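# Breakdown of the fold
The residues making up each chain are set out below.
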Amino acid sequence: MDQTIKNLFLFLSTNKMLIKLAKKFGLRFGATRFVAGETTDQVVKVIKELNQKGLDVTLDYLGEFVDSREEAFQTTELTIDVIKRIGSLKLSSQVSVKLTALGLDISEELVMKNMRRILDAAKENNVFITIDMEDYTRCQKTLDIFKILRLEYDHIGTVLQAYLFRTMSDIEDLNEYTACLRLVKGAYKESVEVAFPEKRDVDENFKKIIEKHLLNGNFTSIATHDERIIEYTKELVKIHQIPSGQFEFQMLYGIRPERQLELVKEGYKMRVYVPFGTDWYGYFMRRLAERPANVAFVLKGIFKK
Ligand code: FDA
């Protein structure tokens, strides 16, 4: 996609005024293709449907870059509610969280308190928690927090991004924590000082980190819609006889749904990342930045109204 359009959407994704407006006006412009609903009831229905098809889920209560304690508290409460729902209904679903939604930008003490409450509820309900990785400026803080919590809890993992130069060294570093990692290409706008600007370099690094983490013997979620990376992983696990319980594929809700089902039929574990909530705008803009076809889809939605 033309870099200028991509940059425009990534820029728009962080605009605070637009984030507020989007919350006020509700799911619009075709966002329902990527966001499963605004309420817990709506998303529970979607999880049940996905589970029935053999797909596992990781649920994301949307929200990021929160700057008030009250909002971070509300996000924590809602995340705990949803964990209890998953537990009581015995849904096959994990939960993903963003530290900026839980107060990372306000204070470390606050985000730790909120995370421990979430992890305690998750432990009681047997739900695994993944800390999503946000932009580069939060990467070190996120990993520091992950390491502290990993020593206290088993059911916690995080994400590393193939576009960052530092990631191979983070893979090595996290090995001693036997970290369950989701590996992704990376979705934020980063400078050439910290991230590979060329897609082919990102893809090469992605393959290297997948290989390294798997061969270190750690659980690896390969989160991508890229067919070449999926085929590469299948080949790699075959050659090295990696057990099926040591890895899974992950894709985003609404993207390549047929391929998700095919992979299940082929015998692979497939987890779908299902976002929900009223704070859908930033997530939606990043999905638009990834693919021109999505922009055309949205424009059609706008002009149909
Ligand atoms: P790439 O963008 O090269 O796309 C390969 C092909 O997939 C495209 O040619 C197209 O066919 C299809 N495709 C990709 N994106 C599409 C879209 N939006 N709509 C339709 N088709 C599309 N990032 C991050 O920084 N932190 C995180 O915590 C996470 N978490 C996360 C969880 C899960 C489960 C997934 C799948 C992804 C993330 N990401 C993420 C996002 C990730 O970094 C990346 O931006 C997207 O997955 C797109 O990259 P691909 O690997 O799919 O490859």
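The paragraphs below set out a description of the structure included in this document.

Each value, and the rule that gives it
Residues numbered from 1 in each chain as written. Predicted model: local features only at pLDDT ≥ 70, side-chain atom pairs only at ≥ 80, totals over all residues. Heavy atoms only, no water. Pairing = 2+ DSSP bridges. Helix = DSSP H or I, 4+ residues; strand = E, 2+ residues; numbered from the N terminus. Axes fitted to C-alpha atoms, helices over the stretch in contact; angles between N-to-C directions. Contact = heavy atoms within 4.5 Å. Near = heavy atom within 4 Å. Polar contact = N/O pair within 3.5 Å; in protein donor to acceptor, adjacent residues only side chain to side chain. Areas by Shrake-Rupley, 256 points an atom, 1.4 Å probe, with all protein chains shown as cover. Nonpolar A, V, L, I, M, F, W, Y, C, P; charged D, E, K, R; others polar. Expected span 1.5 Å × (residues − 1). Buried < 20%, exposed > 50% of the residue type's maximum accessible area, 1.4 Å probe, protein only.

Pairing between the strands of a sheet is mediated by backbone hydrogen bonds and can be parallel or antiparallel. Pairing within the closed barrel is parallel, and its eight strands lie in the order E1-E2-E3-E4-E5-E6-E7-E8. When the angles between neighbouring strand axes are averaged without regard to direction, this sheet yields 30 degrees. Both strand E2 (residues 93-97) and strand E3 (residues 129-131) contribute to a ladder of three bridges, which runs parallel. Within the sheet, the bridge partner assigned to Val95 lies in E3 and is Ile129. Against the sheet, helix H4 (residues 69-89) engages strand E1 (56-61), E2, E3 and strand E8 (270-276), with an angle of about 170 degrees to E2. Along the sheet face, helix H10 (residues 257-265) touches strand E7 (247-252) and E8 and points at about 165 degrees away from the line of E7.

Here we come to the site of the ligand. By nearness alone, 24 residues border the ligand, and Lys185, Gly186, Lys199, Thr224 and Glu290 come closest of all. Contact between the ligand and Gly186: an oxygen atom at 2.7 Å from a main-chain N or O atom of the residue. Measuring from an oxygen atom of the ligand, one finds a side-chain N or O atom of His225 at 2.8 Å. Alone, the ligand offers 930 Å² of accessible surface; in the complex the protein occludes 87% of this. Listed by contribution, the elements that provide at least two residues to the shell around the ligand are strand E4 (156-161), strand E5 (180-184), E7 and helix H11 (281-290). With three residues, the single largest contributor to the shell around the ligand is E7. Of the residues assigned to the shell around the ligand, the class counts are 10 nonpolar, six polar and eight charged.

Between the first and last C-alpha of helix H6 (residues 139-152) there are 20 Å, a value that for 14 residues agrees with the 20 Å anticipated at 1.5 Å per step. Looking only at H6, the buried set comprises Cys139, Thr142, Leu143, Ile145, Phe146, Lys147, Leu149 and Arg150. Packed against the buried residues of H6 are helix H5 (108-124), E3, E4 and helix H7 (167-175).

Here the phi dihedral of Asn126 falls at roughly 60 degrees; this positive angle occurs in a residue that is not glycine. With respect to the secondary-structure elements, Asn126 resides in the loop between H5 and E3. Backbone geometry at Arg256 places phi at a positive 50 degrees, although glycine is not the residue there. Within the secondary structure layout, Arg256 lies in the loop between E7 and H10. Judged by its relative accessible area of 30%, Arg256 is partly exposed.

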